Amino acid sequence: MSRTEAPPLPEPLRVPVADSHTHLDMQDATVEEGLARAAAVNVTTVIQVGCDVAGSRWAAETAAAHANVHAAVALHPNEAPRIVHGDPEGRSRQGAREAGGEAALHEALAEIDALAALDHVRGVGETGLDHFRTGPEGMAAQEESFRAHIEIAKRHGKALVIHDREAHADVLRVLADAGAPERTVFHCYSGDADMARICADAGYFMSFAGNVTFKNAQPLRDALAVAPMELVLVETDAPFLTPAPYRGRPNAPYLIPVTLRAMAAVKGVHEDTLASAVFDNTARAFDY
C-alpha cells in the first residue's frame with residue numbers, strides 16, 4: 001500500500017458530525033471533492049482554518065462560497081516569529097522571507113482583524129504557542145501575536161482556536177492573564193488528564209484529532225476519558241494526523257468516522273451518542 005494513497009471511505013456515520021479543524025487548501029482534492037467525500041460518510045460541516053494572511057483570506061473566501069464551510073482566521077504561532085525575524089530557510093509555504101519587524105506583524109494582525117469581522121468567519125485561530133518549532137528568540141513575538149488574537153476574538157465575539165504544542169502551562173497562563181473569550185477551543189488537544197480537568201473547569205472545548213488513535217497516545221485517551229461530553233469536539237487537522245490504521249497517509253475530513261469511533265470506545269458510549277454531542281458542541285463552539 002502506497003504511503004501517498006488516500007485511505008478508503010469508512011462506513012458512514014448514522015448521525016451527522018462536523019470536522020472542527022481542517023486545512024482544505026493543503027489537501028489534494030478540490031474543495032468540492034473533499035466536501036462530497038465528507039458528506040458521503042455524514043461529515044456535513046467543516047471548519048476551514050487559516051495559518052497566515054493568505055491562507056486566512058482563502059478560508060474566508062471558501063466559507064463565503066460554501067454553506068457547510070465555516071472559517072477561522074489567524075497567524076499560526078510559528079508564523080508570527082517568521083514575520084518579525086524573517087525566515088531565511090523558507091520553512092513555511094511562503095518560502096524564504098526577510099525580517100519585517102514589529103511593523104510587519106502589526107500589519108498582518110490588522111488584516112486578520114478585518115477578516116475576523118466577516119460573518120462567515122466563525123473563529124480566530126489557529127493561534128497560541130508552539131515551543132516545539134519556535135526557540136527562545138521567537139517567544140516574545142509569538143506571545144504578542146497570541147494576545148492580539150485573544151483581543152480580536154473577544155472584540156468580534158468569535159471562537160478562539162488554540163494551537164498548543166509543548167506549551168501547556170504558558171498557554172493556560174496567557175489565557176488566564178488576558179481573559180479567555182467566551183468560546184475557546186483547544187485544537188488537536190495534546191494535554192493530559194490533569195490539564196483536561198483544568199480546561200473543563202474553565203469551560204474550554206477540547207478537540208481530538210487522529211493522534212488519539214495512535215498506540216503511544218494513552219495520555220490523550222486518558223484526557224478524553226475525563227473530558228466532559230459537552231466540551232468534546234473531533235477534527236482531522238487534515239492533511240496531517242491521519243488516524244490508525246492509516247497513519248502516515250493523507251488525511252481528509254471523510255476520515256472523521258475512524259477517529260470518532262475510536263473516541264466513542266474510549267468514552268464508553270455509542271458512536272451515535274458521541275456524534276450527536278459533537279455535532280451540537282461544534283455548532284455551539286463556533287456559534288453557527
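Here the structure is a predicted model, which is why all the values come from computation and not from measurement.

**Re the overall build of the protein chain**
Moving on, step 1. Across its full length, the protein chain holds 10 helices and 8 strands.
Moving on, step 2. In summary, the protein chain has a C-alpha radius of gyration of 18 Å against a globular reference of 19 Å for 288 residues, a match within 12%.
Moving on, step 3. Counting only C-alpha atoms, the protein chain reaches 50 × 40 × 35 Å along its principal axes.
Moving on, step 4. In the protein chain, 72% of the contacts between residues at least 6 apart in sequence involve partners at least 24 apart.
Moving on, step 5. Measuring between centres, the 25 positive side-chain charges of the protein chain sit 4 Å from its 40 negative side-chain charges.

**Focus: the packing of aromatic side chains**
Moving on, step 1. Across all of its chains, the model carries 2 aromatic pairs by this definition.
Moving on, step 2. Seen from their ring centres, Tyr 189 and Phe 208 are 5.4 Å apart, and the 50° between their planes marks the pair as tilted. Residue Tyr 189 is found in the loop between β6 (184-186) and α7 (193-202), and its partner Phe 208 is found in strand β7 (residues 205-208); the two are separated by 19 residues along the sequence. For the pair formed by Tyr 189 and Phe 208, the shared burial category is buried.
Moving on, step 3. Directly above the aromatic system of Phe 132 lies the positively charged group of Arg 165, at a separation of 3.7 Å from the ring centroid.
Moving on, step 4. For Arg 247, the ring lying beneath its charged end belongs to Phe 214, and the centroid distance is 3.7 Å.

**Describing the confidence of the model for the protein chain**
Moving on, step 1. On average, residues of the protein chain score 96 in pLDDT, and 99% of them reach the 70 mark or higher.
Moving on, step 2. Ranking the elements of the protein chain by mean pLDDT puts helix α3 (residues 79-85) last, at 94, and strand β8 (residues 232-234) first, at 99.

**Describing the pattern of salt bridges**
Moving on, step 1. This structure, assessed with the given rule, holds 14 salt bridges.
Moving on, step 2. What emerges from the salt-bridge pattern is a single network uniting Glu 143, Arg 147, Asp 170, Arg 173 and Asp 177.

**A look at helix α2 (residues 53-65)**
Moving on, step 1. Here α2 spans 19 Å end to end across 13 residues, near enough to the 18 Å set by a 1.5 Å rise per residue.
Moving on, step 2. Along α2, the positions that sit buried rather than exposed are Val 53, Gly 55, Ser 56, Ala 59, Ala 60, Thr 62 and Ala 63.
Moving on, step 3. Elements in contact with the buried residues of α2: α1 (31-40), β2 (43-49), β3 (69-73), α4 (101-116) and β4 (121-130).
Moving on, step 4. At the N-terminal end of α2, a side-chain oxygen is found 3.4 Å from the backbone nitrogen of Ala 54, two or three residues along, and the residue is Asp 52.

What counts, and at which threshold
- Residues numbered from 1 in each chain as written.
- Predicted model: local features only at pLDDT ≥ 70, side-chain atom pairs only at ≥ 80, totals over all residues.
- Heavy atoms only, no water.
- Helix = DSSP H or I, 4+ residues; strand = E, 2+ residues; numbered from the N terminus.
- Rg over C-alpha atoms; globule rule 2.2 N^0.38 Å.
- Contact = heavy atoms within 4.5 Å.
- Lys, Arg positive; Asp, Glu negative; His and termini not counted.
- Charge placed at Lys NZ, Arg CZ, Asp CG, Glu CD.
- Phe/Tyr/Trp six-rings, centres within 6.5 Å; stacked < 30°, edge-to-face > 60°.
- Buried < 20%, exposed > 50% of the residue type's maximum accessible area, 1.4 Å probe, protein only.
- Lys NZ or Arg CZ within 6 Å of the ring centre and 35° of its normal.
- pLDDT = per-residue confidence, 0-100.
- Salt bridge = Lys/Arg side-chain N within 4 Å of Asp/Glu carboxyl O.
- Expected span 1.5 Å × (residues − 1).
- Polar contact = N/O pair within 3.5 Å; in protein donor to acceptor, adjacent residues only side chain to side chain.

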